[in-house]
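So the chains spell out like this:
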Amino acid sequence: MRACRKRGACCSVWRSARPRDLRRRLIQLVALAAAAIAFYGGAAAGRVQTLAMLDGYGQRAPLASAAITAGALSLMGAPLTIGFLGRWRLVEAGVGAGWWWAAGLVIIASLAGVFYGGRLIERMYFRRANTAYAGDGGVWRVMLAPALLAAIATIGLGFAPGFLLRAASAASGMLTGIVT
Amino acid sequence: VNAEIALFCVLGAPVLQAALIMLLPKPPGLRDLIHIGFSLFAAVCAAYLANAVAHGETARIVLARPLPNVDLAFAIDPLGAMMVVVLTGLAVLHAVHAAGVVRAKQEKAPARLLAFIALSMAGVCAVAFSANLFSFFVAYQALALTAFPLVAHRGDEEARPAARAFLAMLLASSIGLLLPAMIWTYAIAGALDFQAGGVLAGRVDALTANILLVLFVLGIAMTAIPPMHAWLPASSSGPFPALVAIQALAVVPAGGIGVLKVATFVFGPAMAEAAIAAQALIVLVGVGMIVAALIALSKQDIRERLAYSCMAQSLAVVMGALLALAGGEFAAAALFAAALQIVSLACASATLLMAAGTTAAITGRTKVADYAGLGRVMPWTFAGFAIASASMIGMPPFAGAWAKLWLITAAAGSGLVWAAVLASVAAILTFTHLGPLAANALAARAPTDAFKRPDGASILLAAPVILAAAATLLLLVLADSVAFFLAPIWSQGLVQ
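Starting from 1, residues in each chain are numbered consecutively following that chain's sequence as written. Written order determines the labels here, with chains lettered from A and ligands numbered from 1. Side-chain atom pairs in this predicted model are given and counted only at pLDDT of 80 or more, local residue features only at pLDDT of at least 70, and totals for whole chains, interfaces and linings cover all residues. In computing side-chain values, all of the structure's heavy atoms are included and hydrogens and water are not.

Caption draft 1: Layout of the overall build of chain A. Helix and strand definitions follow DSSP, with helices as H or I runs of at least four residues and strands as E runs of at least two, each counted in order from the N terminus. Per the secondary structure count, chain A includes nine helices and zero strands. Seen in sequence order, chain A has helices and strands lined up from the N terminus as α-α-α-α-α-α-α-α-α. Buried means the residue's accessible area, taken with a 1.4 Å probe over protein chains only, is under 20% of the maximum for its type, while exposed means over 50%, and partly exposed covers the values in between. With 180 residues in all, chain A has 50% of them scored as buried. When the accessible surface of chain A is split by element, carbon and sulfur atoms take 69% of a total near 8,500 Å². All accessibility values rest on the Shrake-Rupley procedure with a 1.4 Å probe; residue burial counts only the protein chains present in the view.

Written as structure tokens, this is what we have:
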């Protein structure tokens, strides 16, 4: 489960691999990092190992589930999350450069994200807890803190990304300076 | 400033309403009072906004700026204000009716049902007042997400796959088609703001315009345009209050408003480049209307029949919006027809579904064949049902007639006589699936054991139906002022 999710996400980062699109890819990387921390942190805090363990997680561990939901929404590219900004930039770059296939692939990756992210959220909130796992759902609170911070960043940066955009252009300026 | 506060209230009050209902689910009296009271408050704010628009005031609220040149912003314009007045007004009647239905049927988790009805009203108001394509997209997706629990409400083996199909189809089409169209528009125009005359006017070549139109129209799947229509019949298994919210007040009207906004503010009525795609899509929706009306005739469950009937009416909205882009001189008439069609669909569909909901709650009957003679024991409910059927069919003097008249006039005037014929055939087929049903309910012999309980329908269940039916008569006196009210949004595009 984890491997395939990670691969799908990374592909969309490196898809339009051209130097001047570095800024866009950096944004997408930050987006992915924030989403992934929220996502795995939330899951690890409740020691979730298989998808079936997420059944009814929303009632057992509401905060951890909220972090996972924020991460999943961002990976899906839902609007007003940082993931949306990354997707938008990639598609815009693809359309602007006439790379229709690249824009199409990003959209398809988003659609795939909707399906796996949607299933995850459905499991957490719309299914009853599996009795086999319901007992050991104790949440590890220290682990939860970074996950929640990342979840807040995922949403907060989606609303006001000005800071991130500036940081990304500075960083891409530095990096392209090193490369060339 | 007052208009801005009112705009904020229209968008925010339903959210507060939902939170309060969830926090105070008991006693039921308080819960229903909150639901009805807040709905009334939203309707009053909407009326204030319409008045402000009529006096030339503007209001705009910006919530966030997620992209350069793109705000999450909401603003008032004549089209949005008119739709919100109609929808929030009907929502008050529906709030009363929903309170009656959850009592009579003892629906489980009534607070959740009412809360998500309130949230979906916030969604459709946000769609109607969205100031740019991005805000529209956000509001559209939020609406799809808040309507999902309405479809999934019963949580059984029937409801869960239906809800999944509902959400998958609406989200997939909006992300797969609407999102690329929006980003493409942004790449061409550098902005996404809705403006009279069209963002794209004079900026695109014919090929791009045609592709963009197809992406936009198919991407806004809330209009139930084939082949993206499966969510509508799938959702028809939900409880009746949820069906009214989906088909009459929130989801389907949001689709119509979206297509109308795209035609008016993104392409603009003077746009002739997209004529080929517009005509091809008119064929699609025209044939879709006829097929949907035929399928409705074959359905014996009243909920399924009304879902397909609603689909046929909703496609008429799309036809009106597309006729404006087909390159004729009747663009303004076509857009006016589409706007009237949204209003008449909302009134008639809300009436029909509320009448069917009353019938199901009081008599337990949902099959078409079981409706015979019920009008004799439930005269008010079935008077409303008959009036709304007449409006759906397009019989004067009810609202649907004026919408149909303008639509056919615009089609014939644009030289697309075949489109006028398709719309007329769909109207005749609508008669075959609603007319005999209503007549039979009123005229056949009364069944002896109609009611589950001896006292029949309470005032909560009967009054909203007849009042909503009466609303279809309002256009008879208001059509002129509505045309005058809406005129600024498309006359500007035509003068240029």
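So much for the structure itself; the text now carries on.
Caption draft 2: Molecular detail of the overall build of chain B. On a plain count of helices and strands, chain B comes out with 18 helices and two strands. Taken over C-alpha atoms, the radius of gyration comes to 21 Å for chain B, in line with the 23 Å a tight globule of 496 residues would show. Along the first, second and third principal axes, the C-alpha set of chain B runs to 65 × 50 × 45 Å. Considering chain B as a whole, with its 496 residues, one finds that 64% of them fall into the buried category. Summing over all exposed atoms, chain B offers an accessible surface of approximately 16,200 Å²; the carbon and sulfur share of this is 68%. Positive: Lys, Arg. Negative: Asp, Glu. His and the chain ends are not part of the count. To locate a charge, the coordinates of NZ of Lys, CZ of Arg, CG of Asp or CD of Glu are taken. Put simply, chain B has 23 plus and 19 minus side-chain charges, and the middle of one group is 11 Å from the middle of the other. When we talk radius of gyration, it's over C-alpha atoms, and the globule rule is simply 2.2 Å times the number of residues to the 0.38.

Caption draft 3: Just the packing of aromatic side chains, in detail. Residues and elements named next belong to chain B. Here a Phe, Tyr or Trp ring, Trp counted by its six-membered ring, pairs with any other such ring whose centre lies within 6.5 Å, and the pair is stacked when the planes are under 30 degrees apart, edge-to-face when over 60, and tilted otherwise. For the coordinates displayed, the defined rule picks out 14 aromatic pairs over all chains. Ring centres of phenylalanine 336 and tryptophan 406 lie 5.0 Å apart, and the angle between their planes is 85°; this geometry places the pair in the edge-to-face category. Placement of phenylalanine 336 in helix 13 (residues 331–363) and of tryptophan 406 in helix 16 (residues 399–413) is noted, with a sequence separation of 70 residues between them. With relative accessibility at 6%, the residue phenylalanine 336 sits in the buried group. Plain terms: the ring middles of tyrosine 371 and phenylalanine 385 are 6.2 Å apart, the flat faces sit at 55° to each other, and that makes the pair tilted. Here the residue tyrosine 371 occupies a position in the loop between helix 13 and helix 14 (374–377), and phenylalanine 385 occupies one in helix 15 (residues 379–393), the gap between them amounting to 14 residues. Judged by relative accessible area, tyrosine 371 falls into the buried class, the value being 1%.

Caption draft 4: Focus on the side chain of B:Thr223. All names here are of chain B. Of note, threonine 223 is situated in the loop between helix 7 (206–219) and helix 8 (231–234). Relative accessible area serves as the criterion here: at 0%, threonine 223 is assigned to the buried category. Pairs of N or O atoms are called polar contacts if they sit within 3.5 Å, as long as, within protein, a hydrogen donor faces a hydrogen acceptor (for residues adjacent in sequence, only side-chain-to-side-chain pairs). At 3.1 Å, the side chain of threonine 223 forms a polar contact with the backbone oxygen of isoleucine 220. Contact criterion: two residues are considered in contact whenever any of their non-hydrogen atoms come within 4.5 Å of each other. Contacts of threonine 223, omitting those with residues within four sequence positions, involve Gly255, Gly256, Val259, Ser314, Leu315 and Val318.

Caption draft 5: Representation of the pattern of salt bridges. All names here are of chain B. Any carboxyl oxygen of Asp or Glu that lies within 4 Å of a side-chain nitrogen of Lys or Arg is treated as forming a salt bridge with it. Taken as a whole and assessed by the stated rule, the structure comprises nine salt bridges over all chains. Note that arginine 103 and aspartate 32 form a salt bridge whose closest N and O atoms lie 2.6 Å from each other. Of this pair, arginine 103 sits in helix 3 (residues 78–105) while aspartate 32 sits in helix 2 (residues 28–54), and the two are 71 residues apart along the sequence. Overall, arginine 103 belongs to the partly exposed group, its relative accessible area being 42%. With a closest N to O distance of 3.5 Å, aspartate 71 and arginine 60 form a salt bridge. Here aspartate 71, found in strand 2 (residues 70–75), pairs with arginine 60, found in strand 1 (residues 60–67); they are eleven residues apart in sequence, far enough to count as distant. Taken together, the shared-partner salt bridges connect Arg31, Asp32 and Arg103 into one network.

Caption draft 6: Region of interest: the interface of chain A and chain B. Chain A puts 22 residues into the contact, and the matching count from chain B is 26 residues. Buried area is a sum: the accessible area each of two parts loses on coming together, probed at 1.4 Å, counted once for each and added. Regarding the contact of chain A and chain B, the summed buried area is about 2,200 Å², with carbon and sulfur atoms giving 82% of it. At the junction of chain A and chain B, the tally comes to zero salt bridges. Where chain A meets chain B, there are zero residue pairs in polar contact (both at pLDDT 80 or more). Ranked by residues supplied to the side of chain A that touches chain B, first place goes to helix 6 (residues 100–126) of chain A with eight residues. When residues are grouped by polarity, Ala, Val, Leu, Ile, Met, Phe, Trp, Tyr, Cys and Pro land in nonpolar, Asp, Glu, Lys and Arg in charged, and all others, Gly among them, in polar. Its residues assigned to classes, the side of chain A that touches chain B comprises 16 nonpolar, two polar and four charged.

Caption draft 7: Local environment of the packing of helix 15 of chain B against helix 17 (residues 417–443) of chain B. Residue and element names in this part refer to chain B. Put simply, helix 15 and helix 17 touch, their axes get as near as 9 Å, and they point 165° apart. In terms of orientation, helix 15 lies roughly antiparallel with respect to helix 17. Crossing angle aside, the handedness with which helix 15 passes helix 17 is left-handed. Where helix 15 approaches helix 17, its residues Phe382, Phe385, Ala386, Ser389, Met392 and Ile393 are matched on the opposing element by Ala427, Thr430, Phe431, Leu434, Gly435, Leu437, Ala438, Ala441 and Leu442. Here the residues of the contact of helix 15 with helix 17 sort into twelve nonpolar, three polar and no charged. Every axis corresponds to a line fitted to the C-alpha atoms, with the helix fit spanning only the stretch in contact, and the corresponding angles, defined between N-to-C directions, vary from 0 to 180 degrees. Should an angle lie under 35 degrees it is considered roughly parallel, over 145 roughly antiparallel, and from 65 to 115 roughly perpendicular; all remaining angles are considered oblique. Each crossing gets its hand from how the near helix is turned against the far one by less than a right angle, where anticlockwise is left-handed and clockwise is right-handed.

Caption draft 8: View of the pairing of strand 1 of chain B. Inspection of the sheet shows strand 1 of chain B paired to strand 2 of chain B by five bridges, in the antiparallel sense. Bridge pairing in strand 2 of chain B places B:Ala64 opposite B:Leu72. Any two strands with at least two DSSP-identified bridges between them are counted as paired.

Caption draft 9: Looking closely at the pairing of strand 2 of chain B. Residues and elements named next belong to chain B. With six of six residues buried, strand 2 is to be regarded as a mostly interior element. Across the two faces of strand 2 the burial is the same, with Val70, Leu72 and Phe74 and Asp71, Ala73 and Ala75 all buried. Counting the residues that bridge the hairpin from strand 1 to strand 2 gives two residues, and of these asparagine 69 lies at a positive phi of roughly 70°.

Caption draft 10: Quick look at the environment of A:Ser65. All names here are of chain A. Tracing the backbone shows serine 65 in helix 4 (residues 62–76). Separated by 44 residues in the primary sequence, serine 65 and alanine 109 place their C-alpha atoms 23 Å from one another. When residues no more than four places from it in sequence are discounted, the contact partners of serine 65 are Tyr57, Gly58, Met124 and Tyr125.

Caption draft 11: A look at the nonpolar core. Only buried Ala, Val, Leu, Ile, Met, Phe, Trp, Tyr and Cys residues count toward a nonpolar core, and they belong to the same one when joined by side-chain atoms within 4.5 Å. One finds B:Phe134, B:Leu213, B:Trp231, B:Phe267 and B:Met319 to be the most contacted residues of the largest nonpolar core, which totals 233 residues. Among the elements that take part in this core, helix 13 of chain B stands out by supplying 23 residues, more than any other. Not counting the four nearest positions on each side in its chain, B:Phe134 is found in contact with A:Leu80, A:Phe84, A:Trp88, B:Pro66, B:Val70, B:Asp71, B:Leu72, B:Met182 and B:Leu192.

Caption draft 12: Looking closely at the side chain of B:Ser236. Residues and elements named next belong to chain B. For serine 236, the position within the fold is in the loop between helix 8 and helix 9 (240–249). Only 2.7 Å separates the side chain of serine 236 from the backbone oxygen of proline 233, close enough to count as a polar contact. Apart from the residues within four sequence positions on either side, serine 236 is in contact with Leu243, Arg303, Glu304 and Ala307.

Caption draft 13: Local environment of helix 3 of chain B. Residues and elements named next belong to chain B. Take the number of residues in a helix, subtract one, and multiply by 1.5 Å to get its expected span. The end-to-end C-alpha distance of helix 3 is 39 Å, a good match for the 40 Å that 28 residues give at a rise of 1.5 Å each. Extensive coverage of helix 3 is indicated by the burial of 22 of its 28 residues. With a side-chain oxygen positioned 3.1 Å from the backbone nitrogen of leucine 79, the residue opening helix 3 is aspartate 77.

By themselves, these figures tell us nothing about what the structure is for.
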